[in-house]
Amino acid sequence: MVRKIIMNKLTLNISEFSNTKPRLFLTLAVIVWFALYKMLIPISEAIVGWLPVDQSSHFGDALRFFLYDTPKVLMLLTGVVFTMGIINSYFTPERTRAMLAGKMEGTANIMAAGLGVLTPFCSCSAVPLFIGFVQAGVPLGVTFSFLISAPMINEVALALLFGMFGWKIGALYLILGLTIAIIAGWVIGKLKMENHLEDWVRDMPRIQAVAGEEGIISLGGRIQGGFNAVREIVGRVWIYILVGIAIGAAIHGYVPEEFMASFMGKQAFWSVPLSVLIGIPMYSNAAGVIPIVQALLTKGAALGTALAFMMSVIALSLPEIVILRKALKMRLIITFISVVAAGILLVGFIFNIVL
């Protein structure tokens, strides 16, 4: 009870401080975040050193991986989600629809894929927005570009990739994901498959997409939006993070490098299509799958194979396909899966050959 009162009072004080002195709050928050982030390695090593565990054992190696990656991923996730929560206060669903309506295909596909990166929609929540796009007259291929990019290249995926693999891999994933979203949406648009929308979707009355008259939000209000995003997103995915890191730690500590290299290495030509086939029926978000990918790479998995697995899990999740079935006929769903899967396969093969 006392702890709850203290936490509520602390939260209230932080909220009041961020509202009254938002610039000072942001400056201090950045300094504290970076200071804590720099301390993660020595803290995790100290904790493992204090525990009665043989640090050279498989369990000690796995435990060190878990104790370091868990706070690291949570800090990266919290920092980027908070930042994107502030940015996303400028991008409401109505404004997003208005930006895409009336644009020519090609240009609109690029815009839609770019907006998918900036907007806070997971694969399942993006589906209702997809239907809203169709109702607003946004071309079908353009809506698919958004539907692919929103879950696959969101702020969570980019934050974890940049933090765990470095800017080169993060930038590479961003470029590849955008390319798949743009080209796949363009191809689906050229196939003219509007007749394969379910009848109730095609028969919906068309609406005019307008940007809306959102009131001017203060910086303090946008900071509150960042806090709300952290509570909503981090509160929803933290369990996936723990499970993903636990699986990654087990792989890191116990799976022999020779086995993983033979199964997912460059020499196994069938590893890319197999990883895509395994990934499609799975359901996870970026927070859950990226720690597993990190462990796979450290054990000898090829980069292209690991990226293909990750993209298939995130971009073609089973719940998304089930929800889409309510709005799309089976032929269009199969086309969507096939085009996106083909793009992912191409990415995997190219990177296994080049890198």
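Residues numbered from 1 in each chain as written. Predicted model: local features only at pLDDT ≥ 70, side-chain atom pairs only at ≥ 80, totals over all residues. Heavy atoms only, no water.

1. Description of the environment of Val 142
Positionally, Val 142 belongs in helix α8 (residues 140-152). Given the relative accessible area of 0%, Val 142 is considered buried. (Helix = DSSP H or I, 4+ residues; strand = E, 2+ residues; numbered from the N terminus. Buried < 20%, exposed > 50% of the residue type's maximum accessible area, 1.4 Å probe, protein only.)

2. Some thoughts on the confidence of the model for the protein
Looking at the protein, pLDDT values average 76 and 74% of them are 70 or higher. Residue range residues 209-213 is modelled with pLDDT below 50. Its contacts to residues more than four positions away, or to other chains, number nine contacts. (pLDDT = per-residue confidence, 0-100. Contact = heavy atoms within 4.5 Å.)

3. Observations regarding the side chain of Ser 275
By secondary structure assignment, the location of Ser 275 is in helix α14 (residues 271-279). For Ser 275, a relative accessible area of 5% gives the class buried. Non-local contacts of Ser 275, meaning those with residues more than four positions away in its chain, are made with Thr 305, Ala 308, Phe 309 and Ser 312.

4. Examining the side chain of Asn 352
Within the secondary structure layout, Asn 352 lies in helix α18 (residues 330-354). Given the relative accessible area of 12%, Asn 352 is considered buried. Of the polar contacts made by the side chain of Asn 352, one reaches the backbone nitrogen of Gly 304; its length is 3.0 Å. (Polar contact = N/O pair within 3.5 Å; in protein donor to acceptor, adjacent residues only side chain to side chain.)

5. Some details on the packing of α14 against helix α16 (residues 303-315)
Where α14 contacts α16, the two axes come as close as 8 Å, and the packing angle between them is 20°. On the basis of the axis angle, α14 is roughly parallel to α16. Crossing handedness for the pair α14 and α16: right-handed. Every residue of α16 that contacts α14 at Ser 271, Val 272, Ser 275, Val 276, Ile 278 and Gly 279 is listed here: Thr 305, Ala 308, Phe 309, Ser 312 and Val 313. Grouping the amino acids of the contact of α14 with α16 by side-chain chemistry returns six nonpolar, five polar and no charged. (Axes fitted to C-alpha atoms, helices over the stretch in contact; angles between N-to-C directions. Parallel < 35°, antiparallel > 145°, perpendicular 65-115°, else oblique. Left-handed = near helix turned anticlockwise from the far one by under 90°. Nonpolar A, V, L, I, M, F, W, Y, C, P; charged D, E, K, R; others polar.)

6. Remarks on α16
For α16, spanning 13 residues, the distance from its first C-alpha to its last is 18 Å, which sits close to the expected 18 Å at 1.5 Å a residue. Summarising burial for α16: 13 of the 13 residues are buried, a large majority. (Expected span 1.5 Å × (residues − 1).)

7. Some thoughts on the packing of helix α6 (residues 107-118) against helix α10 (residues 167-190)
The interhelical angle for the contact between α6 and α10, taken along N-to-C directions, is 135°, at an axis separation of 9 Å. Regarding the angle of α6 to α10, the classification is oblique. Where α6 crosses over α10, the two elements pack in a sense that is right-handed. Contacts between α6 and α10 pair Asn 109, Ile 110, Ala 113, Gly 114 and Val 117 from the former with Leu 174, Leu 178, Ala 181, Ile 182, Gly 185 and Trp 186 from the latter. Looking at side-chain class alone, the contact of α6 with α10 contains eight nonpolar, three polar and no charged residues.

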